[in-house]
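Report on the structure
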Amino acid sequence: MRAILPLLALAAPLALGACGDPAPTYIDQAWVRLSPNKDTPSAGYFVAHGGASDVQLRGVLTDYALKVEMHESVSENGMMSMKPISSVDIPAKGKVAFAPGGKHLMLWGVNDTAISRGKMQLTFLLSNGDRLLVDAVIQKPGAAAPAAGADAHRQH
Ligand SMILES: [Cu+2]
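Residues numbered from 1 in each chain as written. Predicted model: local features only at pLDDT ≥ 70, side-chain atom pairs only at ≥ 80, totals over all residues. Heavy atoms only, no water.

What about the overall build of the protein?
Across its full length, the protein carries 2 helices and 10 strands. Its helices and strands in sequence order give the protein the pattern α-β-β-β-β-β-β-β-β-α-β-β, from N to C terminus. Put simply, the protein has 156 residues, and 34% of those count as buried. The long-range share in the protein, meaning contacts at least 24 apart out of those at least 6 apart in sequence, stands at 65%. Per element, the accessible surface of the protein, about 9,400 Å² overall, is 56% carbon and sulfur. (Helix = DSSP H or I, 4+ residues; strand = E, 2+ residues; numbered from the N terminus. Buried < 20%, exposed > 50% of the residue type's maximum accessible area, 1.4 Å probe, protein only. Contact = heavy atoms within 4.5 Å. Areas by Shrake-Rupley, 256 points an atom, 1.4 Å probe, with all protein chains shown as cover.)

Put into structure tokens, the structure is as follows:
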């Protein structure tokens, strides 16, 4: 051990300065607000953090709902409506929030098993071929966003 410690001390500053893998894009703060009615879709929210390069989010999949779509809320002539979106830019080092009143996921037929577990895994498809698996916390109908930092389940 005596011989190794000084080497580690030397290696640490090098590790900090070197660029190994470029920073990956990642997703956190994912949550789903359950619809009070089984016939209407639930909504999903998250924050995408850009990595070293620009990518696009091309879609979201899950085994725990019948269908998922990305939507954007828009205000036209004072009326709020929403439309499906097929792709969202996640700029390098940028941050894109899917949040109530803006971009969101719509999830039809959320699985009862996921509801009883209180979370569901979502797969985010990126234009660079990466697939990000993220656990979304399932909140009761009408609930507010979970406190930031409550989700320690993010995976790259
Ligand atoms: Cu929608």
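Concerning the coordination of the copper ion
Around a metal, the idealised angle for a tetrahedral arrangement of four donor atoms is 109.5 degrees; for an octahedral arrangement of six donor atoms it is 90 or 180 degrees. The protein atoms that coordinate the copper ion are His71 (ND1), Met82 (SD), His104 (NE2) and Met106 (SD), at distances of 2.1 to 2.3 Å. What the 4 donor atoms of the copper ion show is an angle range of 93 to 120 degrees at the metal, which sorts the shape as tetrahedral. In primary sequence terms, the donor set of the copper ion follows H-x10-M-x21-H-x1-M. Highlighted residues: methionine 82 in strand β5 (residues 79-84) and methionine 106 in strand β8 (residues 103-108), separated in sequence by 24 residues. When its relative accessible area of 7% is taken as the criterion, methionine 106 is described as buried. (Donors = N, O, S within 2.8 Å, 3.2 Å for Na, K, Ca; no water. Tetrahedral: all angles 85-135°; square planar, octahedral: opposite > 155°, others 65-115°.)

A word on the pattern of salt bridges
For the structure shown, the criterion picks out 4 salt bridges. Of the charged contacts, one joins lysine 38 and aspartate 112 as a salt bridge, the two residues approaching to 2.7 Å between their closest N and O atoms. Pair noted here: lysine 38 is in the loop between β1 (26-33) and β2 (42-49) and aspartate 112 is in helix α2 (residues 112-117), with a separation of 74 residues, a long-range link. For the pair lysine 38 and aspartate 112, a shared accessibility class is recorded, and that class is exposed. Here lysine 103 makes a salt bridge to glutamate 72, at a shortest N to O gap of 3.5 Å. Remark: glutamate 72 occurs in strand β4 (residues 67-76) and lysine 103 occurs in strand β8; sequence separation between them is 31 residues. Owing to a relative accessible area of 24%, lysine 103 belongs among the partly exposed residues under this scheme. (Salt bridge = Lys/Arg side-chain N within 4 Å of Asp/Glu carboxyl O.)

Regarding the confidence of the model for the protein
Per-residue confidence for the protein gives a mean pLDDT of 86; residues scoring 70 or more make up 81%. Here residues 150-156 is a poorly scored stretch, pLDDT under 50, and it has 12 contacts once near neighbours within four places are set aside; other chains count. (pLDDT = per-residue confidence, 0-100.)

A look at unusual backbone geometry
Here the phi dihedral of glutamine 29 falls at roughly 55 degrees; this positive angle occurs in a residue that is not glycine. By secondary structure assignment, the location of glutamine 29 is in strand β1. According to the relative accessible area criterion, glutamine 29 is partly exposed, its value standing at 31%. Unlike most non-glycine residues, lysine 93 shows phi in positive territory, near 60 degrees. The residue lysine 93 is located in the loop between β6 (88-90) and β7 (95-98) in this model. Residue lysine 93 is classed as exposed on the basis of its relative accessible area, which comes to 73%.

Quick look at the side chain of histidine 104
Looking at the secondary structure, you find histidine 104 in strand β8. Under the relative-accessibility criterion, histidine 104 is labelled buried at 5%. Side-chain polar atoms of histidine 104 contact the backbone oxygen of glycine 102, separated by 2.9 Å. (Polar contact = N/O pair within 3.5 Å; in protein donor to acceptor, adjacent residues only side chain to side chain.)

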